[in-house]
Every structure is written in structure tokens, then in C-alpha cells.
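A closer look at the structure
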Amino acid sequence: MTIRTFIKTTGSVALGLFVATLVVRGEESAGKAIAVRHSSTDDTATIQVAGLEKPLVVLHITDSHVTVADELEAQYQQYSSRMDKSYGGEKEHWRTKKKALPAAHFLNLLTLAKDRNVDLIALTGDIVNNPSQSSVRFIGKALNDTGIRRLYISGNHDWHYEGMPGSDDALRKTWTQERLLSLYPGRNPLCYAVQIGGINFVAIDNSTYQVTGEQLVFYEKETARGLPTVLLLHIPIYTPANTSASASSCCGNPVWGWETDHGFAIERRERWPKSGNLKSTTDFVDRVGKTGNLIAVLAGHTHKARTEKLSDSAVQYIAQAACNGGSRLVTFAPLMRDKN
Ligand SMILES: [Fe+2]
């Protein structure tokens, strides 16, 4: 049987079977080919992976934008009020249209995780509106109460107090250390990897829209293990095929920079630089498209469910924002061969 004979599509957004190509750059291998079949809807994905021994179910939650303010936060109000107000009221559920506070939508998703007996919850940032102690404590307790394993990576709002002096890099470093560390028990918040059920989950914090040289080296080291790899990011990878309005907010967009930054004034943050992307960012995006054993990217930031083919093996799954009750239930399963 040739590979072509068992290409098949299933689901409403089916992407068929892809067999990655071994890419070699000089002495470097960008990952051994892994056969993968993707199918998805706006709130589910099934990813069949050659060599996987048993299914693994992940609930992907992103952009819950929870605010739980208390008196401890009074001194930070000047930095948190706009976002707290934006997400302080009830939000319509994207499916049922029922209104609830973002915190209630978040708790409902954790109930879903328990009901579906998922193996893992993957959180890809903007889980809180700012690094308030009370909000982070609420999230941490709710996650701990599920008893379900979790992986978290930061979004641009998780560490940002609007109008606070300092570069994005400096503010991320400060507030990650001060407030968010409990969400990353024992892990490096900028980049870490955890192997679960034969899959290497690699989390990289690109919430400044950039990837550092250290993070790029980490990505290369982790993908060199040869395991099927799932990348967790807040900001989606830019692809030329993405012509939506959200493309300017994606990681590695060549036009990213001073002229395309339309949000710095309202978010009261450092304006994107005139020099544009770091070389390590463009190298990272290039490498993602050439990693044969990268099977999926789970991302958020743009708040709308979307899937995009990134390479012969990898599909990027952006989940609907959890502040509107969105999530994606991702099932990794052993690859089934067609009978014909
Ligand atoms: Fe968000």
C-alpha cells in the first residue's frame, strides 16, 4: 500500500494523513518523519500518531481572562482597571449563548475536564487579565482541585500591568517571578518540556511575540529527541496562508514591528521595535515548519477557533477563548490504517 492510498478525510475540518519529510540542514536533522492523521471541529481534534501505544486526551484551554479582585489589588488598580472592566461582566457562551462571568466559564471547563476524564489540561495563556494575587490564587486552586495534570504557559496579559514602567521583557520577568511561579511547579517559565504517554509536550513562552535564542536552542534540543512533539504557545505561528485580521498578531509575521503595532497606546505598553522580529524568532518559525516530528501546535491569543496546516506533519490548533466558554478536546490516538 502506498501512502497515498490511505489518505482519507474525516470530520468537518479534515486534514488527512500527512507523512513528514526528513529535513536535513547541514549536519542537523530537523526530526524523523512521523505519520500523523488530523481531523477536527471547532472544539475537538483527533490526532492519530504512528507508534503511539494508547490514547491520550487533553483539554486545551486558553484566554479565560479571569479577574478575581480583592483588597490586595487596590494598589494595582491603576494598572489593572481597563482589563478588569473589559472582562468584569458576564460573557456569552460561544455555543449556548448563556451568559456567565469568565471565572464561571473557566470552572465549567474544569468540570468538563473531569467529566471527560482527561489525562491533561493544557493552558496556553491569558488565563488571568493581569498578575493579581487573588486571580492567580483562584486559578491555581481550581486547577489543583481537579487533581488533573496540567501544563501552563503564559500569555501577554498574564504578566502585564498596563502602564507600569518597564520593557515587556522586564515586566514579564518580574511578574512571572512575583506571581505566576505557582502555575509552573518546578519548571522554567520560559521553556520546559514534559513527556506524557509517548508525546513530548514542549511549552515556549512567546508572549512578547518573540522567541529568544535560548528558547530556540531548547526547541531544537527537545525535538531532537525524536518523539512526537506538541508545542504549546500563546501566540500562534504566522503562516503566509493566514490572511485574516489576526495575522498581524501572530508570531513571526514579517511585518511585525513599530508600524504594525496598533495596540501599544491602549494597552499602555512598550511599542514593538522598529527593528522588527529577532532573528531567533524567524529562525524558530522556520524551524517549526520543518520539524518532521512536530505533530501539533496548541495556541490561543486570537480568541477564535481556527486550524492551520503548518507542515506535512503539524497542524496548529487555536482554541476559542475560554472567557466565552471555548476549549478544544484533543485526542491523541494510535494511527489506524485503512482497510482498503
Ligand atoms: Fe486573550
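This text gives an overview of the structure that appears in the document. The structure displayed is predicted, hence computed values, not measured ones.

Let's shift gears to the packing of aromatic side chains. Across all of its chains, the model carries 11 aromatic pairs by this definition. Here Tyr-184 and Tyr-192 contribute two aromatic rings whose centre-to-centre distance is 6.3 Å and whose plane-to-plane angle is 90°, an arrangement assigned as edge-to-face. Tyr-184 gets classed as buried once you look at its relative accessible area, which sits at 1%. A ring pair is formed by Tyr-219 and Phe-284, whose centres lie 5.2 Å apart and whose planes are at 80°; its orientation type is edge-to-face. Highlighted residues: Tyr-219 in helix α5 (residues 213-223) and Phe-284 in helix α7 (residues 279-288), separated in sequence by 65 residues. Comparing Tyr-219 with Phe-284 shows no difference in burial state: the two are buried. Clustering of aromatic rings is evident, with ring pairs tying together Tyr-76, Tyr-79, Tyr-161 and Trp-175. Over the ring of Tyr-76 we find Arg-179, and its NZ or CZ is 5.0 Å from the ring centre.

For helix α3 (residues 133-146), built from 14 residues, the straight-helix expectation of 20 Å at 1.5 Å per residue is met to within 8% by its first-to-last C-alpha distance of 20 Å. Buried within α3 are the following residues: Ser-134, Ser-135, Val-136, Ile-139, Gly-140, Ala-142, Leu-143 and Thr-146. Residues of α3 that are buried make contact with α2 (102-115), β9 (120-123), β10 (149-152) and α4 (168-180).

The protein atoms that coordinate the iron ion are Asp-63 (OD), His-65 (NE2), Asp-126 (OD) and His-303 (NE2), at distances of 2.1 to 2.3 Å. Seen from the iron ion, its 4 donor atoms lie at angles of 90 to 173°, and the figure they make is irregular. All donors of the iron ion belong to a single chain; written as a sequence motif, their spacing is D-x1-H-x60-D-x176-H. Note that Asp-63 is positioned in the loop between β6 (56-61) and α1 (77-86) and His-303 in the loop between β14 (294-299) and β15 (306-309), a separation of 240 residues in sequence. Accessibility classification places Asp-63 together with His-303 in one group, the buried group.

So, how was this worked out
- Residues numbered from 1 in each chain as written.
- Predicted model: local features only at pLDDT ≥ 70, side-chain atom pairs only at ≥ 80, totals over all residues.
- Heavy atoms only, no water.
- Phe/Tyr/Trp six-rings, centres within 6.5 Å; stacked < 30°, edge-to-face > 60°.
- Buried < 20%, exposed > 50% of the residue type's maximum accessible area, 1.4 Å probe, protein only.
- Helix = DSSP H or I, 4+ residues; strand = E, 2+ residues; numbered from the N terminus.
- Lys NZ or Arg CZ within 6 Å of the ring centre and 35° of its normal.
- Expected span 1.5 Å × (residues − 1).
- Contact = heavy atoms within 4.5 Å.
- Donors = N, O, S within 2.8 Å, 3.2 Å for Na, K, Ca; no water.
- Tetrahedral: all angles 85-135°; square planar, octahedral: opposite > 155°, others 65-115°.

The values are spatial; any link to function lies outside them.
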